Amino acid sequence: MLDTMSCLERFASATRLHIDLSVQVIGDTPPCVRVRNRFSDTLAEVVTCSPQGVFLTSWGYRLGTTDDIDGAAARLAYLLAALPA
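Residues numbered from 1 in each chain as written. Predicted model: local features only at pLDDT ≥ 70, side-chain atom pairs only at ≥ 80, totals over all residues. Heavy atoms only, no water.

### What to know about the packing of aromatic side chains
Cut-off, in case you're wondering: When two rings of Phe, Tyr or Trp (its six-membered ring) have centres within 6.5 Å they constitute a pair, described as stacked for plane angles under 30 degrees, edge-to-face for angles over 60, and tilted for the intermediate range. Here a helix means four or more residues in a row that DSSP labels H or I, a strand means two or more in a row labelled E, and each is numbered from the N terminus. Burial classes follow relative accessibility: with a 1.4 Å probe on protein chains only, a residue under 20% of its type's maximum area counts as buried, one over 50% as exposed, and anything between as partly exposed.
Tallying each qualifying case throughout the model produces 2 aromatic pairs. A ring pair is formed by Phe 11 and Phe 55, whose centres lie 4.7 Å apart and whose planes are at 25 degrees; its orientation type is stacked. In this pair, Phe 11 sits in helix 1 (residues 4-15) while Phe 55 sits in strand 4 (residues 54-57), placing the two residues 44 residues apart along the sequence. The burial state of Phe 11 is the same as that of Phe 55; both residues are buried.

In structure tokens form, the structure reads like this:
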């Protein structure tokens, strides 16, 4: 069985490598990661991880899977117009 919280924490760590993003792991039900561009009030997203290991935005966009967490984090950074560290 997939440990969703562990996957989200690893996703959050990979997302923090993008200097323009503020990242917060939320342990609600379902657990999620809230990410926003530090320089914008409107560029923000909530990401969850499905039981199948897919990272999804709040509007259903598939960022990637737990097999490539760095790639999923990079896609989100691109969507939120963030730069790598």
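### Notes on the packing of helix 1 against helix 2 (residues 69-79)
This is how it is decided: Structural elements are reduced to axes, namely lines fitted to C-alpha atoms, with helices fitted over the stretch in contact, and the angle between N-to-C directions of any two is expressed from 0 to 180 degrees. Each angle gets one of four labels, with under 35 degrees taken as roughly parallel, over 145 as roughly antiparallel, 65 to 115 as roughly perpendicular, and the rest as oblique. When the near helix sits turned anticlockwise from the far one by under a right angle, the crossing is termed left-handed; a clockwise turn instead gives a right-handed crossing. Contact criterion: two residues are considered in contact whenever any of their non-hydrogen atoms come within 4.5 Å of each other. All amino acids are sorted into three groups, where Ala, Val, Leu, Ile, Met, Phe, Trp, Tyr, Cys and Pro are nonpolar, Asp, Glu, Lys and Arg are charged, and the leftover types, Gly among them, are polar.
Across the interface, helix 1 lies against helix 2 with an axial gap of 9 Å and an inter-helix angle of 55 degrees. It follows from the interaxial angle that helix 1 and helix 2 lie oblique. Considering how the two elements wind past one another, helix 1 and helix 2 form a crossing that is right-handed. Touching Cys 7, Arg 10, Phe 11, Ala 14 and Thr 15 of helix 1 are Ile 69, Asp 70, Ala 72, Ala 73 and Leu 76, all from helix 2. A breakdown of the residues in the contact of helix 1 with helix 2 according to their chemical character gives 7 nonpolar, 1 polar and 2 charged.

### A word on the sheet that holds strand 1 (residues 21-26)
The test is simple: Any two strands with at least two DSSP bridges between them are considered paired.
With respect to topology, 5 strands assemble into an open sheet ordered 1-2-3-4-5, the strand pairing being antiparallel. Only two strands of the sheet have a single neighbouring strand rather than two, namely strand 1 and strand 5 (62-65). The mean angle between the axes of side-by-side strands here comes to 20 degrees, regardless of whether they run parallel or antiparallel. By the bridge criterion, 4 bridges tie strand 2 (residues 32-37) to strand 3 (residues 44-49) in an arrangement that is antiparallel. Considered in strand 3, the bridge of Arg 36 is made with Ala 44. The strands that helix 1 touches are strand 1, strand 2, strand 3, strand 4 and strand 5; relative to strand 1, the one it contacts most, it runs at about 170 degrees. Lying on the sheet, helix 2 is in contact with strand 1, strand 2, strand 3, strand 4 and strand 5; it crosses strand 5 at an angle near 165 degrees.

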